[in-house]
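Coordinates in review
Listed here are the chains, written in short residue letters.
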Amino acid sequence: MKKFGLLEYPHKESLSKKVFNEYFKKANIDAVYEDIVIVPDNFDDEINKYINSYDGLNVTVPFKEKVIKYVEPVEEAKEINAVNCIFNNKGYNTDWKGFYNSLNPSMLKEPIVLVGAGGASKSIIYALYKMGIKKLFLVNRTVEKAEKLKKIFLSKIDIKIESFDHLQSIIRTSKTFINATSIGMFGESFNLEVRDLSNLSLIYDIVYNNTPLQKIAKENNIKCIDGRTFWYHQGVENLKIWHIYTPEIFDETFKTFARGE
Ligand code: ATR
């Protein structure tokens with residue numbers, strides 16, 4: 001039996017575990033996908049054991065950067081400075097590719113505002129750059145983290161940092177609003193009214209449950225791409241890297257989950 005898993009801390013029942021295990025069953029793949037919790041203090045001692053004994057791994061918060069020195073990162077993972085997928089000792093970043101494949105660049109009307117400056121944002125900025133975007137507004141609660149991202153992508157994309165306190169006015173004048181924070185995961189709302197969103201042609205919310213933001217978008221006919229779609233596209237990339245991708249079966253499995261069955 002093949003073994004796949006997600007390296008994480010703290011433990012959170014992952015969507016990956018649910019969907020991939022169901023997919024393995026439907027596709028007759030003799031494999032299992034596990035959530036693997038590593039206590040951060042033990043990471044350096046334990047990581048090689050997992051890399052060597054699993055057929056493929058995903059990596060999430062807080063290990064995406066830390067894991068790089070234990071694998072051979074492909075060019076994109078090096079540029080983003082984050083690995084979230086491992087196969088045969090090579091480190092990949094499927095987040096950026098997932099975002100890239102989840103929308104047509106013509107949907108990205110400018111100005112674009114990206115909220116959040118964590119690991120997901122890093123991959124999204126790289127994807128935007130690969131889609132030909134030259135500038136964006138970046139808003140984050142902790143300004144220092146936004147400044148760090150601006151530095152990483154200095155030669156690639158012009159990032160204008162704006163304060164979180166000005167979010168409402170920036171969104172009012174933007175066409176594309178990308179939420180790359182976890183706001184909404186537990187039902188939290190952005191402090192935004194419907195009229196603040198009326199200028200937007202696209203909301204991209206990476207949170208994979210049905211958030212208040214996604215609800216407002218749907219109720220007001222604003223095109224919305226949600227975190228389930230984002231997850232699906234990075235999921236496809238993982239399966240391709242692990243050489244176990246059967247498109248029709250994965251689509252069918254994913255749709256069942258997306259409908260909440
Ligand atoms: P990920 O890898 O999913 O991006 P992360 O690196 O922990 O996860 O980043 C989470 C992002 O959500 C950060 O931008 C964080 O803002 P800070 O940098 O200020 O911590 C943002 N975030 C989480 N909860 C938030 C909240 N309640 N209000 C504003 N921003 C929040």
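Just so we're clear, the structure is a prediction, and the values are computed from it rather than from any experiment.

To continue, consider the overall build of the protein chain. Helix and strand counts for the protein chain stand at 10 helices and 12 strands. Its C-alpha atoms give the protein chain principal-axis dimensions of roughly 55 × 40 × 30 Å. Burial analysis of the protein chain (261 residues in total) assigns 50% to the buried set. Taking the intrachain contacts of the protein chain between residues at least 6 apart in sequence as the baseline, contacts between residues at least 24 apart amount to 63%. Put simply, the protein chain shows about 12,600 Å² of open surface, and 49% of that area lies on carbon and sulfur atoms.

When the UniProt feature table is mapped onto this chain numbering, "domain: Quinate/shikimate 5-dehydrogenase/glutamyl-tRNA reductase" (unreviewed entry) sits at residues 108-182. With 37% helix and 24% strand, the stretch residues 108-182 has end C-alpha atoms that lie 22 Å from each other.

Now for the pairing of strand S1 (residues 2-8). Extensive coverage of S1 is indicated by the burial of five of its seven residues. Looking at chain direction, S1 and strand S2 (residues 31-37) are connected through seven bridges and run parallel. Each bridged residue has a counterpart across the sheet, and for Leu 6 the counterpart in S2 is Asp 35. In this region the chain leaves S1, passes through helix H1 (residues 15-26) and returns to the parallel neighbour S2; the handedness of that crossover is right-handed.

Time to look at the pattern of salt bridges. Considering all chains together, one arrives at 11 salt bridges under this definition. Glu 65 is the partner of Lys 122 in a salt bridge, and the nearest nitrogen-oxygen pair spans 2.6 Å. Of this pair, Lys 122 sits in helix H5 (residues 119-130) while Glu 65 sits in the loop between strand S3 (56-59) and strand S4 (72-73); the two residues are 57 residues apart in sequence, bridging distant segments of the chain. Residue class for Lys 122 comes out buried when judged on its relative accessible area of 4%. Relative accessible area serves as the criterion here: at 39%, Glu 65 is assigned to the partly exposed category. Among the ionic pairs, Asp 226 bridges to Arg 228, the shortest N-O distance being 2.8 Å. Among the residues examined, Asp 226 registers a relative accessible area of 10% and is labelled buried. Counted as one network, the salt bridges with shared partners bring together Glu 22, Lys 25 and Lys 26.

Once that is clear, we can look at H1. For H1, with 12 residues, the first-to-last C-alpha span of 17 Å sits near the 16 Å given by 1.5 Å per residue. Along H1, the residues classified as buried are Leu 15, Ser 16, Val 19, Phe 20, Tyr 23 and Phe 24. Considered in projection along H1, the buried side chains sweep an arc of 140 degrees and stay on one side of the axis. Those residues of H1 hidden inside the fold are in contact with S1, S2, S3, helix H9 (227-241) and helix H10 (247-258).

Pairing in this open sheet of six strands is parallel, and the strands run S9-S8-S7-S10-S11-S12 from one edge to the other. A strand with exactly one partner marks an edge of an open sheet, and here the two such strands are strand S9 (158-162) and strand S12 (224-226). Neighbour to neighbour, the strand axes of the sheet diverge by 20 degrees on average, direction disregarded. In this structure, strand S7 (residues 112-115) lies alongside strand S10 (residues 176-179), joined through four bridges in parallel fashion. Looking across to S10, one finds that Val 113 is bridged to Phe 177. Seen against the sheet, H5 touches S7, strand S8 (135-139), S9 and S10 and runs at an angle of roughly 160 degrees to S7.

The subject of this paragraph is the packing of H1 against H10. Viewed as axis vectors pointing N to C, H1 and H10 meet at an angle of 135 degrees, and their least axial separation amounts to 9 Å. On the basis of the axis angle, H1 is oblique to H10. Here H1 and H10 pass one another in a crossing that is right-handed. Contacts between H1 and H10 pair Lys 18, Val 19, Phe 20, Glu 22, Tyr 23 and Lys 26 from the former with Ile 249, Phe 250, Glu 252, Thr 253, Phe 254, Thr 256 and Phe 257 from the latter.

As a further point, take the sheet that holds strand S6 (residues 90-92). Note: strands within a sheet are paired through backbone hydrogen bonds, in either parallel or antiparallel orientation. Ordered in space as S2-S1-S3-S5-S6-S4, the six strands form an open sheet in which the pairing is mixed. Edge positions in the sheet fall to S2 and S4, since each has one partner strand and no second. Bridging between strand S5 (residues 85-87) and S6 involves three bridges; their strand directions are antiparallel. The residue of S6 that forms the bridge with Ile 86 is Gly 91. Here helix H2 (residues 43-53) sits on the sheet in contact with S1, S2, S3 and S5, set at roughly 150 degrees to S1.

Criteria and cut-off values
Residues numbered from 1 in each chain as written. Predicted model: local features only at pLDDT ≥ 70, side-chain atom pairs only at ≥ 80, totals over all residues. Heavy atoms only, no water. Helix = DSSP H or I, 4+ residues; strand = E, 2+ residues; numbered from the N terminus. Buried < 20%, exposed > 50% of the residue type's maximum accessible area, 1.4 Å probe, protein only. Contact = heavy atoms within 4.5 Å. Areas by Shrake-Rupley, 256 points an atom, 1.4 Å probe, with all protein chains shown as cover. UniProt positions renumbered as here; feature names shortened; annotations may be inferred. Pairing = 2+ DSSP bridges. Right-handed = clockwise from strand over helix to strand, strands pointing away. Salt bridge = Lys/Arg side-chain N within 4 Å of Asp/Glu carboxyl O. Expected span 1.5 Å × (residues − 1). Arc of directions from axis to C-beta. Axes fitted to C-alpha atoms, helices over the stretch in contact; angles between N-to-C directions. Parallel < 35°, antiparallel > 145°, perpendicular 65-115°, else oblique. Left-handed = near helix turned anticlockwise from the far one by under 90°.

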